[in-house]
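The chain contents come next:
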Amino acid sequence: MSDKAIVLARLATVVASNPVQGSLAARLCVACRTLLEVDGAAITIDNLSPHRMTMCSTDDLSGRLEDLQEVLGEGPSQDAYRTGQPVTSILDDEDEDRWPQFTIAARDLLGRQVALFCLPMRPGADVLGVLTLYKRPQGELGEDLETALFLSDAVAVALLREPTMDGELGGVGPWKDRSVIHQATGMVIAQLGLAPDDAMALLKAHAFAQSATLLETATAVVERRLDFGRS
């Protein structure tokens, strides 16, 4: 498997190791926290629109950080969503110039020895939302930035509805094609012990990573050219 496929397999393994409870978004959020070796994570979508929603957070502090940015109308995750670029913060004086109200409030909440990482989630050309992470005391992510960004993009793909006939991940039109995808989903469940929704999400994320259709990815699994159990 490629490096990207290995990252996805690790993501799936971590998701599978957690109890199958709560939403897929919540399980993926916990998995990102684990893989990127941070203390907390949150997934927020449509960050700048009236329909903004924090889908999940791994802990109370992560949720409160997202609430602060919504109430104050400023902060690193909003900038990440607006620009489509990763934004980091250590809540120093420079950050106080950028986000004066948020920085002061976040310091009160987390203290000064903290690092924030806000990663745009881009399943395609547009930004879907932001994966926001915090780590204290300050430190680096458990993976390099390129891998972390790939992970956030893959999570976005996994959270999207199943693609339509015209979707960029490829269609699932005829019954024969659908049966191949169902068979592949069952094989991924057996390989990694995943729930069905999680197995389908992994197939979609892998298709995205390889610029393949969902059917092409499923066929590779059925023909045993792709095995997520081997990394």
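Coordinates for the structure precede this section.
For the structure given in this document, a descriptive report is provided here.

Parameters at a glance
Residues numbered from 1 in each chain as written. Predicted model: local features only at pLDDT ≥ 70, side-chain atom pairs only at ≥ 80, totals over all residues. Heavy atoms only, no water. Core = buried A, V, L, I, M, F, W, Y, C linked by side-chain atoms within 4.5 Å. Buried < 20%, exposed > 50% of the residue type's maximum accessible area, 1.4 Å probe, protein only. Helix = DSSP H or I, 4+ residues; strand = E, 2+ residues; numbered from the N terminus. Contact = heavy atoms within 4.5 Å. 1 Å grid on protein atoms, 1.4 Å probe; cavity = no way out; pocket = protein on both sides within 12 Å on 5 of 7 lines; lining within 4 Å. Points joined across faces, edges and corners; volume = space filled by probe spheres on them. Nonpolar A, V, L, I, M, F, W, Y, C, P; charged D, E, K, R; others polar. Pairing = 2+ DSSP bridges. Axes fitted to C-alpha atoms, helices over the stretch in contact; angles between N-to-C directions. Phe/Tyr/Trp six-rings, centres within 6.5 Å; stacked < 30°, edge-to-face > 60°. Polar contact = N/O pair within 3.5 Å; in protein donor to acceptor, adjacent residues only side chain to side chain.

## What about the nonpolar core?
In terms of nonpolar packing, the biggest core is built from 53 residues, with Leu131, Leu133 and Val188 touching the most fellow members. With eight residues, the single largest contributor to this core is helix 7 (residues 145-159). Not counting residues up to four positions away in its chain, the partners in contact with leucine 131 are Cys32, Leu36, Ala41, Ala42, Ile43, Phe117, Cys118, Leu119, Met121 and Ser152. Within the second largest apolar cluster, 17 residues are counted, among which are Val87, Leu110, Leu116 and Val130.

## Looking at the layout of surface pockets
Put simply, the largest pocket is a space of about 240 Å³. When residues of the lining of the largest pocket are traced back to their parent elements, those giving at least two are helix 1 (3-17), helix 7 and helix 9 (196-209). No other element matches helix 7, which puts five residues into the lining of the largest pocket. When grouped by side-chain class, the residues that make up the lining of the largest pocket number five nonpolar, one polar and six charged.

## Some thoughts on the sheet that holds strand 5 (residues 129-135)
Strand order in the open sheet made by the five strands is 2-1-5-4-3, with antiparallel pairing throughout. Only two strands of the sheet have a single partner each, and these edge strands are strand 2 (53-57) and strand 3 (87-89). Taking the axes of each pair of neighbouring strands and ignoring which way they run, one obtains an average angle of 20° across the sheet. Here strand 3 runs beside strand 4 (residues 115-121); their pairing, made up of three bridges, is antiparallel. Paired with threonine 88 across the two strands is phenylalanine 117, which belongs to strand 4.

## Some words on the packing of aromatic side chains
On inspection of all chains with the given rule, the structure shows one aromatic pair. For the pair tryptophan 99 and phenylalanine 102, a centre-to-centre distance of 6.5 Å together with 85° between the ring planes defines the contact as edge-to-face. Summarising the burial analysis for this pair, tryptophan 99 and phenylalanine 102 share the class buried.

## Quick word on the pairing of strand 5
Among the seven residues in strand 5, seven count as buried, and that is most of the element. Sheet analysis places strand 1 (residues 40-45) next to strand 5, joined by six bridges and oriented antiparallel. Each bridged residue has a counterpart across the sheet, and for alanine 41 the counterpart in strand 5 is leucine 133. Bridging between strand 4 and strand 5 involves seven bridges; their strand directions are antiparallel. Note on strand 5: the bridge partner recorded for proline 120 is valine 130.

## As for the environment of threonine 44
Tracing the backbone shows threonine 44 in strand 1. On the basis of relative accessibility, which here comes to 0%, the residue threonine 44 falls in the buried class. With twelve residues separating them along the chain, threonine 44 and cysteine 56 place their C-alpha atoms 7.4 Å apart. Residue contacts for threonine 44: discarding those within four places in its chain leaves Arg52, Met53, Thr54, Met55, Glu66, Gly129 and Val130. Looking at threonine 44, its side chain comes within polar contact range of the side chain of glutamate 66, at 2.8 Å.

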